[in-house]
Every structure is written in C-alpha cells, then in structure tokens.
Amino acid sequence: MTKEEYIESILSGIDDKYAKIEIKTELEAHLDDRIAFYTDAGYDSEYATKKAIERMGNAQTIAYQMNNLHGNKKTTAFIWILAILFCLISFINALSFNSLDYVNNIFNLSGLVFHSGVFIYTICFLLAARHKNYKAIMLISIFNLVLFSRVFSFLTILDTDDSLWLNSPLASSSLMFTHSSDIISIILEFTFNAFGIYDGVYMLLSGVLGVVGSAQIKSNISGTAKTSILKRYKKLNIFTYIGFSTEIISIIIFILSFIFLMRS
C-alpha cells in the first residue's frame, strides 16, 4: 500500500468534509516524519513507507478515532437534542399506552406519540451512525427497548384492541377525506396498517442491533476491536431509511387525501 492509498483509506471514513483537509495534512506530516526516520536508518524508500504505515496503525481504527475527534459540533449537538427528545417521548409513549383511554377515544394520542417517536428515532439513529456517535446510539437503543418498543407489546400488533398505538393519527383523517372512494379507502387502510406493523417490528429489532452496534463502534474507536460483531451493521441503515420513509409517506398521503376531498 502506498502512502497516498493509506491516507485515502483513512479519509474515506471521515464524515466532515471540512475536517478532511486538516486531517490529510496531519497524516502526511506524521507519515513523512516516520518515512524519513526509517530512510535515515538505511532502509530503502518502499520499505520505509511500509514500516511507517505499520507503525501508524490500522486505517479503519484511525478513521474512527479521527472522525470522533473532528466531529462537527453543531451536528453533534443536534444529535443529542434528538436523543434527549426521543427519551422524553419514550416516557410519554409508555404512559399513553396504558392510560388516558378517554383521550385516545377522541384522538389517537398513542399513535401520535409512537409515530413521532419513530420519526425522531430514525433521524437520530442515521445521524449518530454516520458520525460514529456510539453514546447517542446506545442511549436511544436502550430507551427504545425499555420504554418505547416494549419487547412484549409487539406480539399484540394483530389484536385491534391493543394495537391502537401502532396506528398513525393521519390514517383516520386520510380515510375520512376519501370516504367517497371505497377502493382508495381500502388501499389506504392497508398501507397505514402495514406502516404501523413495520415500524413496530423495526423499532424492536433496531433497539437490539443498536446496542450491539454501538459497542462495535466504541471498540473500533478505542482500537480494541478483535472482530466485527456486525460486519454488515451499515445495512441496518436501509431499514432505518424505510422506517423514516413510512412517516414521510404518511404525511404525503394525508396531504393528497385532503386535496382529494377539496376537489370532490
């Protein structure tokens, strides 16, 4: 591996594009000093470069450490704001699931809290994973498992009496707006139910994988990782994007349904 290839492999793991310039300059200076040391000791240029790279360490570990050190402060602050907000929603979600039935009869409070939580969780998870913020991932994953997804509650998703919390509050409004079209109403009802079931299962599984994944990121940053616990951990982001999309699509459906009502 050449010096340029080694540096590029590290920079590819840095998220902040503005920090890459500073990190590149820093890496080049360190490598040049080490190469000069081995060259002065009598080694040829190729072997000196090889030894210098070996002394620098694993490129992935350095990338994790540099990324953690040079993270964007505004983005980090935003991630923690989302994480704390999700923790608060988790408490509300746990309370609204078993209480305030009279409110739920008028308005789907549980569904509103649940889907708001999913929306905030997915944004926080994606940002924290991208910026290697394992502490935020660990926090929201634990709150997700303990208070939000409620490990045993997802087993009741097919029970209409117990699955109110899975229903988006936008579902009833969208169905009301399209009451004149039975086919559209059936499609919308199926769509919102599918979204709710997917989000419920996703939140449960992402909570488990989030705890494991955050441990993996931490070990990579500290350089103590002996093996990859989740070799395809990044693929979890695909399912997170889908969860995020269900909330965005629900809003789009609501707007389109309202337009449909105005034109009918």
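Conventions used here
Residues numbered from 1 in each chain as written. Predicted model: local features only at pLDDT ≥ 70, side-chain atom pairs only at ≥ 80, totals over all residues. Heavy atoms only, no water. Helix = DSSP H or I, 4+ residues; strand = E, 2+ residues; numbered from the N terminus. Buried < 20%, exposed > 50% of the residue type's maximum accessible area, 1.4 Å probe, protein only. Contact = heavy atoms within 4.5 Å. Disulfide = S-S within 2.5 Å. Axes fitted to C-alpha atoms, helices over the stretch in contact; angles between N-to-C directions. Parallel < 35°, antiparallel > 145°, perpendicular 65-115°, else oblique. Left-handed = near helix turned anticlockwise from the far one by under 90°. Nonpolar A, V, L, I, M, F, W, Y, C, P; charged D, E, K, R; others polar. Phe/Tyr/Trp six-rings, centres within 6.5 Å; stacked < 30°, edge-to-face > 60°. Arc of directions from axis to C-beta. Core = buried A, V, L, I, M, F, W, Y, C linked by side-chain atoms within 4.5 Å. pLDDT = per-residue confidence, 0-100.

Section: the overall build of the protein chain
So, step 1. A count of helical and extended segments in the protein chain gives eleven helices and zero strands.
So, step 2. Mapped from its N terminus to its C terminus, the protein chain presents α and β elements in the order α-α-α-α-α-α-α-α-α-α-α.
So, step 3. Sorting the 264 residues of the protein chain into buried and exposed places 42% on the buried side.
So, step 4. Taking as baseline every contact in the protein chain between residues at least 6 positions apart, the subset at least 24 positions apart corresponds to 74%.

Side note on the state of the cysteines
So, step 1. Applying the stated criterion across every chain, the model contains zero disulfides.
So, step 2. Among the cysteines around cysteine 87, which has no disulfide bond, cysteine 124 carries the closest sulfur, lying 8.4 Å off.

Structural notes on the packing of helix α7 (residues 109-130) against helix α8 (residues 134-148)
So, step 1. Remark: α7 packs on α8, axes separated minimally by 9 Å, with the N-to-C direction vectors making an angle of 155 degrees. Taken together, the axes of α7 and α8 lie roughly antiparallel to each other. The interaxial crossing formed by α7 with α8 has left-handed handedness. Together, Val113, Phe114, Gly117, Val118, Tyr121, Cys124, Phe125, Ala128 and Ala129 of α7 and Ala136, Ile137, Ile140, Ser141, Asn144 and Phe148 of α8 make up the contact between the two elements.
So, step 2. The class makeup of the residues in the contact of α7 with α8 is twelve nonpolar, three polar and no charged.

Details of the packing of aromatic side chains
So, step 1. Under the counting rule described, the total for this entry stands at nine aromatic pairs.
So, step 2. Taken together, a centroid distance of 6.3 Å and an interplanar angle of 5 degrees make the contact between tyrosine 198 and tyrosine 202 stacked. Here tyrosine 202 and tyrosine 198 lie together in helix α10 (residues 182-222), a separation of four residues that amounts to about one turn.
So, step 3. Assessed through its relative accessible area of 25%, tyrosine 198 is described here as partly exposed.

Considerations on helix α1 (residues 3-11)
So, step 1. Buried residues of α1: Lys3, Tyr6, Ile7, Ile10 and Leu11, and no others. All buried residues of α1 project into a common sector of 135 degrees when viewed along the axis, lining one side.

Some points on the packing of helix α9 (residues 169-177) against helix α11 (residues 236-263)
So, step 1. The N-to-C vectors of α9 and α11 enclose an angle of 25 degrees; their axes lie 8 Å apart at closest approach. Our classification of the angle between α9 and α11 gives roughly parallel. For the element pair α9 and α11, the recorded crossing hand is left-handed. Along the contact surface, α9 presents Leu170, Ser173, Ser174 and Phe177, while α11 presents Ser250, Ile251, Ile253, Phe254, Ser257, Phe258, Phe260 and Leu261.
So, step 2. Counted by class, the contact of α9 with α11 contains eight nonpolar, four polar and no charged residues.

Points about the side chain of serine 250
So, step 1. Within the element layout of this structure, serine 250 appears in helix α11.
So, step 2. With a relative accessible area of 2%, serine 250 lands in the buried category.
So, step 3. Once residues within four sequence positions are removed from consideration, serine 250 is found in contact with Leu170, Phe192 and Phe195.

With respect to the nonpolar core
So, step 1. Among the nonpolar cores identified, the biggest contains 24 residues, and Phe86, Tyr121, Ile140, Phe148 and Met203 are the most heavily contacted of them.
So, step 2. Listed by contribution, the elements that provide at least two residues to this core are α5 (73-98), α7, α8 and α10.
So, step 3. With nine residues, the single largest contributor to this core is α7.
So, step 4. Dropping the residues within four chain positions of it, phenylalanine 86 is found in contact with Gly117, Ile120, Tyr121, Ile140, Phe143, Asn144, Phe148 and Met203.
So, step 5. By size, the runner-up hydrophobic cluster in this structure holds 19 residues, among which are Tyr6, Leu11, Ile35 and Ala52.

Things to note about the environment of tyrosine 134
So, step 1. Within the element layout of this structure, tyrosine 134 appears in helix α8.
So, step 2. The spatial distance from the C-alpha of tyrosine 134 to the C-alpha of isoleucine 217 is 6.0 Å, given a sequence separation of 83 residues.

Considering the environment of lysine 3
So, step 1. Structurally, the position occupied by lysine 3 is in helix α1.
So, step 2. For the pair lysine 3 and threonine 49, spaced 46 residues apart in sequence, the C-alpha separation works out to 6.8 Å.

Looking at the confidence of the model for the protein chain
So, step 1. Taken as a whole, the protein chain shows an average pLDDT of 77; of its residues, 76% reach a score of 70 or greater.
So, step 2. Within the protein chain, helix α6 (residues 101-106) has the poorest average pLDDT of any element, 48, and α8 the best, 91.

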